[in-house]
Amino acid sequence: MMTHCIRLSSLLITLSLCAYTFVSPSTLQSQDRIDLESMPKDDPVDLTVCTQNLNNYGSVRNMARRLRGFTSDDIELKVQGIIQRFIDAKCDVIAVQELLASTEIAGKEILGELADRLKEKTNRVFIPIAGPSNDKVARLGFLVATDRAELISTISYSKAELPKISAEQRARYFSRGPLEIEIKVKPRDRGLSKTIVLVNFHFKSKIFNSHDPVDLEWETSRMEMAEALRRIVITRHQKDYTKTKKLIVLLGDRNSHFDSASAQILQGKITLADFQEEAPCRLSKRGMPLCKAMTAKPIEFASALLSDPETRQLPGTYRFENTISWLDDILLPPQSLPFVRTHPADETDYNSGLIYKPEEASDHALAYVRFNW
C-alpha cells in the first residue's frame, strides 16, 4: 500500500487530505407505513450503488454495549436483515455508516465478516474498506463487488479543517471523516467501462444537542461539513465530471432533513458565506434557511432519490417517533445524472429507491441508485 498526502487550497480554506492508494419544506409527517417499498427496477444495469446506515453494527461486544438489551439472537437477526437488504437491492457497491470499530483494521475485519456472509448467499466476493475516523467508536466503510468493479484508490477527508461560520470559532473537523473511493466498473458483454468516484459521508448527529451553543441541534456544524465536502469534491473532480470522464456520487447520512440549510449547502443552492456577517440568509429554529430573494444558486449536486417521481413519494429514510425524515441521500452532479435515468430519453425519471425491510437490519432505510451507460 502506498501512502501520500494531497494538499488543496481554496479561497476560504486549506484542506489537508491523506490518500491511501491501493494498487492492482417542514419535517415530513406521514401517515404512510414505513414498510412502503420502492422495489428495485428491472435489470440489466451496469452498476447498483447502495448506502446503508448500519445502526451501530460492529463486534458482538460493541453492539451489545451500544444497543442495550440486545441478545445474541437479536444480533443474528440484525446481520441476516442487513444481508437480505443488500441482496434485495442487488448492490454492487455499498457505502456504510455507523460501523463500530476503534481502528481501520478492526473495521475492515468486521466488514469482512459481512462480505463472507454475502458470499455464502450470493457466491460474490466483496472487498471490505474501512476509513480513518475522528470518532473513537464509529467510522465509514465500503463493500465493493469484485465481479463488477476494480478498486483504484481510497482517500479520507478526516484531516480536512472545516470552514468557519464565525471567525472566532476554534478549528473543527468532520465527525467521522468522509471516505472517498475511486473504482473502475467492468463492462458488461462488449460494453464500456466507466470510472466512478464515490464519497461516503456521515455528518454530526443531533444527539447531545444541549451542548450546542446556538441551540440548533448542531445544524451549524453540519452546515460547515456540507460546505467543506462540496468544496473538496468540486476542487478535486470538477474537471473530470463536467466532461463525464468520471461519474461522481455523494452518498450517506446527512443527519438533517432535505430542506435544512446543510442539505441545501451540500447541493450548492446556498453556501456557508450566505450566513456570515451581514449575509442574506439566517436560520429558522428548525435549521431551515431563510434567505432574501435571488440568493439561490444553480445546484452543484442533485438528489437522485428526491428527483425521482416514484422514490420521492416514499415517506423518508429514517423514523423517530412519529416523524419521518430524509436523512440519507445519494447525490450526483447534473453531468452524471443522465447515467442513472430509468430510460435514456426521460430526463425526469431516475432509477433509484429505498428498502425498509427487514426492519431488524437498521432504523435507516437502504437507499440505492442504478447506473446505465
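Refer to the structure presented above.
Predicted model, so just to flag it, every value in this text is computed and none were measured. Position numbers for residues count from 1 along each chain, tracking the sequence in the order it is written. This being a predicted model, a pLDDT of at least 70 is required before a residue's local features are given, and a value of 80 or more before pairs of side-chain atoms are given or counted; all residues contribute to the totals for chains, interfaces and linings. Excluding hydrogens and water, the side-chain figures rest on all heavy atoms present in the structure.

J.: Any chance you could explain the overall build of the protein chain here in plain terms?
T.: Strands are runs of DSSP state E lasting at least two residues, helices are runs of H or I lasting at least four, and both sets are numbered from the N terminus onward. When its secondary structure is counted, the protein chain shows 5 helices and 18 strands. Put simply, the protein chain has 373 residues, and 55% of those count as buried. Per-residue and other accessible areas follow the Shrake-Rupley method at a 1.4 Å probe size, with only the shown protein chains counted as cover for residues. Carbon and sulfur atoms make up 51% of the accessible area of the protein chain, which amounts to about 17100 Å² in all. Relative accessible area decides the class of each residue, using a 1.4 Å probe on protein chains only: under 20% of the type maximum gives buried, over 50% gives exposed, and in between gives partly exposed.

J.: For this particular structure, what's the right way to read the side chain of arginine 124?
T.: In this fold, arginine 124 is placed in the loop between helix H3 (104-122) and strand S5 (126-130). Arginine 124 gets classed as buried once you look at its relative accessible area, which sits at 17%. Under this definition, polar contacts are N or O atom pairs within 3.5 Å; protein pairs additionally need one hydrogen-donor-capable and one acceptor-capable atom, and for neighbouring residues in sequence, both atoms have to be side-chain atoms. Within the local environment of arginine 124, its side chain forms a polar contact with the side chain of aspartate 147, the two groups lying 3.0 Å apart. Non-local contacts of arginine 124, meaning those with residues more than four positions away in its chain, are made with Cys91, Asp92, Leu118, Lys119, Ala145, Asp147 and Arg148. Contact definition: two residues touch when any of their heavy atoms are within 4.5 Å.

J.: What am I meant to see in helix H2 (residues 72-89) here?
T.: At 3.6 residues per turn, the α-helix brings residues three or four places apart onto the same side. For a helix, the expected span equals 1.5 Å multiplied by the residue count minus one. When the terminal C-alpha atoms of H2 are compared, their 26 Å separation across 18 residues agrees well with the 26 Å that a helix rising 1.5 Å per residue should span. Along H2, the residues classified as buried are Ile75, Lys78, Val79, Gly81, Ile82, Ile83, Arg85, Phe86 and Ala89. In the segment just after H2, lysine 90 is the residue with positive phi, at about 60 degrees.

J.: Could you clarify how one ought to interpret unusual backbone geometry in this entry?
T.: Most peptide bonds adopt trans geometry, and most residues besides glycine take a negative phi value. A cis amide bond links lysine 357 with the next residue in sequence, proline 358, at an omega value of -10 degrees. Located in the positive-phi region is glutamate 98, a residue other than glycine, with phi close to 55 degrees. Structurally, the position occupied by glutamate 98 is in strand S4 (residues 93-100).

J.: Sorry, what's going on with the state of the cysteines here?
T.: As used in these notes, a disulfide is a covalent bond between sulfur atoms, one from each of two cysteines. Note that a disulfide, as used here, is simply two cysteine sulfur atoms within 2.5 Å. Inspection of every chain in the model, using the stated rule, returns 2 disulfides. Sulfur-sulfur distance for the disulfide between cysteine 50 and cysteine 91 comes to 2.1 Å. Of note, the bridge from cysteine 50 to cysteine 91 carries an S-S torsion of about -100 degrees and is left-handed in sense. In this pair, cysteine 50 sits in strand S3 (residues 47-58) while cysteine 91 sits in the loop between H2 and S4, placing the two residues 41 residues apart along the sequence. The two residues cysteine 50 and cysteine 91 agree in class, both being buried. Between cysteine 281 and cysteine 291 runs a disulfide, and the two sulfur atoms are separated by 2.0 Å. On the sign convention where negative means left-handed, the S-S torsion of about 115 degrees between cysteine 281 and cysteine 291 marks this disulfide as right-handed. With cysteine 281 in strand S11 (residues 281-283) and cysteine 291 in strand S12 (residues 289-291), the pair connects residues that are 10 residues apart, well separated along the chain. A relative accessible area of 7% means that cysteine 281 is categorised as buried. Given a relative accessible area of 33%, cysteine 291 falls into the partly exposed group. The connectivity of the disulfide bonds within the protein chain can be written as 1-2, 3-4, using the sequence rank of each bonded cysteine.

J.: Please explain the environment of isoleucine 165 as it appears in this structure.
T.: Tracing the backbone shows isoleucine 165 in the loop between strand S7 (149-156) and strand S8 (179-185). Not counting residues up to four positions away in its chain, the partners in contact with isoleucine 165 are Thr220, Met223, Glu224, Leu272, Phe275 and Gln276.

J.: How do you make sense of the environment of leucine 99 when you look at a structure like this?
T.: Along the polypeptide, leucine 99 turns up in strand S4. Since its relative accessible area comes to 0%, leucine 99 is described here as buried. With residues up to four places along the chain from it excluded, the contact list for leucine 99 reads Tyr57, Gly107, Ile110, Leu111, Ala130, Val137, Ala138 and Arg139.

J.: In this structure, what is going on with the pattern of salt bridges? I would like to understand it.
T.: Any two side chains of opposite charge can pair, on the condition that their charged atoms come close. Put simply, a salt bridge is a Lys or Arg side-chain nitrogen that is within 4 Å of an Asp or Glu carboxyl oxygen. Under the definition given, this model contains 14 salt bridges. In this structure, arginine 236 engages glutamate 180 in a salt bridge whose closest nitrogen and oxygen atoms are separated by 2.8 Å. Here the residue arginine 236 occupies a position in helix H4 (residues 219-242), and glutamate 180 occupies one in strand S8, the gap between them amounting to 56 residues. Lysine 246 is the partner of glutamate 182 in a salt bridge, and the nearest nitrogen-oxygen pair spans 3.3 Å. Of this pair, glutamate 182 sits in strand S8 while lysine 246 sits in the loop between H4 and strand S10 (247-253), and the two are 64 residues apart along the sequence. If you follow the salt bridges from partner to partner, you end up with Glu182, Asp240, Lys245 and Lys246 in one network.

J.: I would appreciate a short explanation of the nonpolar core in the present structure.
T.: Where a protein is soluble and globular, its nonpolar side chains tend to be buried together. To form a nonpolar core, buried Ala, Val, Leu, Ile, Met, Phe, Trp, Tyr and Cys residues must be joined to one another through side-chain atoms within 4.5 Å. Ranked by size, the top nonpolar core spans 36 residues in total, and within it Val93, Phe142, Ile181, Ile183, Ile196, Leu198 and Phe371 carry the most contacts. Contact partners of valine 93, with chain neighbours within four places excluded, come to Leu47, Thr48, Val49, Cys50, Phe142, Leu143, Val144, Ile181, Ile183 and Leu198. If you look at the next biggest cluster of nonpolar residues, it comprises 30 residues, including Val199, Met225, Ala226 and Leu266.

J.: Looking at this structure, how should I read a negative patch on the surface?
T.: Nonpolar side chains (Val, Leu, Ile, Met, Phe, Trp, Tyr) are joined into patches within 5 Å and like charges within 9 Å, using only residues with over 30% relative accessible area and no salt bridge. We score Asp and Glu as negative and Lys and Arg as positive, and we do not count His or the chain ends. Just so you know, the charge point we use is NZ for Lys, CZ for Arg, CG for Asp and CD for Glu. Together, Glu109, Glu113, Asp116 and Glu120 line one region of the surface with negative charge. Mapped onto the elements, aspartate 116 comes out in helix H3. Taking the relative accessible area as the measure of exposure, aspartate 116 reaches 48% and is therefore partly exposed.

Interpretation in functional terms is not warranted from these geometric data alone.
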